[in-house]
Amino acid sequence: MVADIIIGLVVILAILLLVYLGASMILRFDRASVENKRKIRDFSDTVDKTNKDLDATLRELQSLNSPMEKVNKIFKSINNYLK
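None of the values given here were measured: they were computed from a predicted structure. (Residues numbered from 1 in each chain as written. Predicted model: local features only at pLDDT ≥ 70, side-chain atom pairs only at ≥ 80, totals over all residues. Heavy atoms only, no water.)

Let us look at the overall build of the protein. Counting secondary structure elements, the protein contains one helix and zero strands. When the backbone C-alpha atoms are referred to their principal axes, the protein occupies close to 115 × 25 × 5 Å. Looking at the protein as a whole, 0% of its 83 residues qualify as buried. Approximately 8,000 Å² of the protein is accessible, and the part contributed by carbon and sulfur atoms is 68%. With 13 positive and 10 negative side-chain charges, the protein shows a separation of 9 Å between the mean positions of the two kinds. (Helix = DSSP H or I, 4+ residues; strand = E, 2+ residues; numbered from the N terminus. Buried < 20%, exposed > 50% of the residue type's maximum accessible area, 1.4 Å probe, protein only. Areas by Shrake-Rupley, 256 points an atom, 1.4 Å probe, with all protein chains shown as cover. Lys, Arg positive; Asp, Glu negative; His and termini not counted. Charge placed at Lys NZ, Arg CZ, Asp CG, Glu CD.)

On to a nonpolar patch on the surface, then. On the surface, a nonpolar cluster with roughly 1,000 Å² of combined accessible area is contributed by Leu61, Leu64, Met68, Val71, Ile74, Phe75, Ile78, Tyr81 and Leu82. In this structure, Tyr81 sits in helix α1 (residues 2-82). With relative accessibility at 73%, the residue Tyr81 sits in the exposed group. (Patch = residues over 30% accessible without salt bridge, like charges linked within 9 Å, V, L, I, M, F, W, Y side chains within 5 Å. Salt bridge = Lys/Arg side-chain N within 4 Å of Asp/Glu carboxyl O.)

Let us look at the pattern of salt bridges. Per the counting criterion, the structure on display carries three salt bridges. For Asp42, the salt bridge goes to Arg38, with nearest N and O atoms at 2.8 Å. Of this pair, Asp42 and Arg38 both sit in helix α1, four residues apart, roughly one helical turn. For Asp42, a relative accessible area of 34% corresponds to the partly exposed category. In this structure, the salt-bridge partner of Lys49 is Asp53, at a minimum N-O distance of 3.0 Å. Highlighted residues: Lys49 and Asp53, both in helix α1, separated by four residues, approximately one helical turn. Given the relative accessible area of 52%, Lys49 is considered exposed. Among the charged side chains, a network of salt bridges with common partners joins Glu35, Arg38 and Asp42.

Another point: α1. Here α1 is 81 residues long and its end C-alpha atoms lie 113 Å apart, about the 120 Å a rise of 1.5 Å per residue gives. Taking the largest bend as the criterion, α1 deviates by roughly 30 degrees, centred on Asn65, and proline Pro67 comes between one and four positions later. (Expected span 1.5 Å × (residues − 1). Bend = angle between axes of the 7 residues up to and from the residue.)

As structure tokens, this is what we get:
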């Protein structure tokens, strides 16, 4: 009789322990998931900013392309004249 009560208490305690461990693991994974989502969002924002900066740099370089072509033509004509 006493042994049955002790076994019943041990089973109940084991079930409660498993429920507690399961809940704590779920909460830990949830926190990790939120942290990973934040890191991904920050990384995505950094990539977007870098892309915008690169686009601005490309537009600036393209605006310099036409004057450089004119200078290149002048140097080519001088080079051809000196040959």
